[in-house]
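A look at the structure
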Amino acid sequence: MLSPEKKETKKKLFAAFAIICVLIIFAVYYVEYREINDAYSLAGRVLYVSNDVSSYQFDIHSNISMLGETLPIIIGNGSVDYKNERIATKFESVEQSIDLIVVDDYAYFRSNNGSWEKKDLNEEMWDSYDQLAQQNLLLDDTTNLSMQKINSHIVLTAIPDRSVLIQEAKKVGLDLQGDEQLNDYYITYLIDKDTYRIISIEMHIEFLMNIQGLMSPVIINNQIDIYNYNKGLDIEAPI
């Protein structure tokens, strides 16, 4: 039988343990649900929430404005299934269309609705078509951030490091280290205020390009809309 002193000590230990549990629960709740009031905390929350994404779908469209005209560069859409490691995308430009399906460590390609070609999948192929992961990497590498709350959404504006932007521009065939003179660039993320999920991403690039001997202003806008987070997707290899 416990002595009165030991009983009292045991009660204090239980009380201390209960307080610790309450503090842990409060801390977890605070981290998960506290209101975000600065851009860097918001970026961290967006990246944290993205870690729980099992699938998503997206639409993408890009255009270029120069010499008083705005022309489409590329439009497309796709589905990404992290859980089953599958992707299905279709991109169209003025000159051609490209389809990609990733299933069971194989990538299937076709151009202009022609015959399918099968290749072994590598990480670079996956990364090239995973739009959410690409944008998260850009956001993670950005140190110049600002935010604005608009009704049920938050707009997060990021100005990436110039070297990162140059790498991204090269992917679309633009050499910003050549004759082009970069004037302005930024990325805006439209974020749901309740879930902190990215709804859309817009990249804006302004530069001067040598066109027929004259340095002319050029603007490129690229927008990605992301939706159907964590929905079931039916992606199969082409027959």
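Let me begin by describing the structure that accompanies this report.

About the cut-offs
Residues numbered from 1 in each chain as written. Predicted model: local features only at pLDDT ≥ 70, side-chain atom pairs only at ≥ 80, totals over all residues. Heavy atoms only, no water. Helix = DSSP H or I, 4+ residues; strand = E, 2+ residues; numbered from the N terminus. Expected span 1.5 Å × (residues − 1). Buried < 20%, exposed > 50% of the residue type's maximum accessible area, 1.4 Å probe, protein only. Polar contact = N/O pair within 3.5 Å; in protein donor to acceptor, adjacent residues only side chain to side chain. Pairing = 2+ DSSP bridges. Core = buried A, V, L, I, M, F, W, Y, C linked by side-chain atoms within 4.5 Å. Contact = heavy atoms within 4.5 Å. Axes fitted to C-alpha atoms, helices over the stretch in contact; angles between N-to-C directions. Parallel < 35°, antiparallel > 145°, perpendicular 65-115°, else oblique. Left-handed = near helix turned anticlockwise from the far one by under 90°. Nonpolar A, V, L, I, M, F, W, Y, C, P; charged D, E, K, R; others polar. Phe/Tyr/Trp six-rings, centres within 6.5 Å; stacked < 30°, edge-to-face > 60°. Lys NZ or Arg CZ within 6 Å of the ring centre and 35° of its normal.

**Remarks on helix α2 (residues 39–50)**
- End to end, α2 covers 16 Å across twelve residues, agreeing with the expected 16 Å (1.5 Å per residue, within 8%).
- Listed in full, the buried residues belonging to α2 are Ala39, Leu42, Ala43, Arg45, Val46, Leu47, Val49 and Ser50.
- The residue sitting at the N-terminus of α2 and contributing the capping side-chain oxygen is Asp38; that oxygen lies 3.1 Å from the backbone nitrogen of Tyr40.

**Section: the pairing of strand β2 (residues 69–81)**
- The pairing of strand β1 (residues 55–66) with β2 spans twelve bridges and is classified as antiparallel. The partner of Asn63 across the bridge, within β2, is Pro72.
- Taking the residues between adjacent antiparallel strands as the criterion, β1 and β2 are bridged by two residues, where Leu67 takes a positive phi near 50°.
- The pairing of β2 with strand β3 (residues 86–92) spans seven bridges and is classified as antiparallel. Bridge assignment links Gly78 to a residue of β3, and that residue is Thr89.
- Here β2 folds back onto β3 in antiparallel fashion, the turn holding four residues, of which Glu85 has a positive phi close to 55°.

**Digging into unusual backbone geometry**
- Within the chain, Asp104 stands out as a residue other than glycine whose phi angle is a positive 55°.
- Considering the arrangement of structural elements, one finds Asp104 in the loop between β4 (97–103) and β5 (106–111).
- Of note in this structure, Asn228 is not a glycine but carries a positive phi near 55°.
- Among the secondary structure elements, Asn228 is positioned in the segment after β11 (214–227).
- Taking the relative accessible area as the measure of exposure, Asn228 reaches 34% and is therefore partly exposed.

**Regarding the nonpolar core**
- Ranked by size, the top nonpolar core spans 46 residues in total, and within it Leu156, Tyr189 and Ile226 carry the most contacts.
- A per-element tally of this core places strand β10 (residues 198–211) first, with seven residues.
- Apart from residues no more than four positions distant in its own chain, Ile226 is found in contact with Tyr56, Gln57, Phe58, Leu132, Ile198, Ile199 and Ile201.

**Some points on the side chain of Ser79**
- Here Ser79 is to be found in strand β2.
- You can call Ser79 buried: its relative accessible area is 12%.
- For Ser79, the side chain forms a polar contact with the side chain of Gln57, separated by 3.1 Å.
- Dropping the residues within four chain positions of it, Ser79 is found in contact with Tyr56, Gln57, Phe58, Arg86, Ile87, Ala88, Leu233 and Ile235.

**A few points about the packing of α2 against helix α4 (residues 131–140)**
- At a minimum axis distance of 10 Å, the contact between α2 and α4 shows a crossing angle of 150°. Our classification of the angle between α2 and α4 gives roughly antiparallel. As α2 runs across α4, the sense of the crossing is left-handed. Each of Ala43, Val46, Leu47 and Ser50 in α2 lies in contact with α4, whose residues at this interface are Asn136, Leu139 and Asp140.
- Taken together, the residues that form the contact of α2 with α4 break down as four nonpolar, two polar and one charged.

**Overview of the pairing of strand β6 (residues 117–120)**
- In this sheet, β6 lies alongside β5 in antiparallel orientation, the contact comprising four bridges. What sits directly across from Tyr106, in β6, is Asp120.
- Connecting the antiparallel pair β5 and β6 is a turn made up of five residues, with Asn112 showing a positive phi of about 50°.

**As for the packing of aromatic side chains**
- Applying the stated rule across the entire model yields five aromatic pairs.
- Cluster of aromatic residues (ring-pair linked, three or more members): Tyr56, Phe58, Tyr82, Phe91, Trp126 and Tyr129.
- Positioned above the aromatic ring of Tyr196, the side-chain terminus of Arg45 is 4.9 Å from the ring centre.
- Between Lys119 and the ring centre of Phe109, over which it is positioned, the NZ or CZ distance is 5.4 Å.

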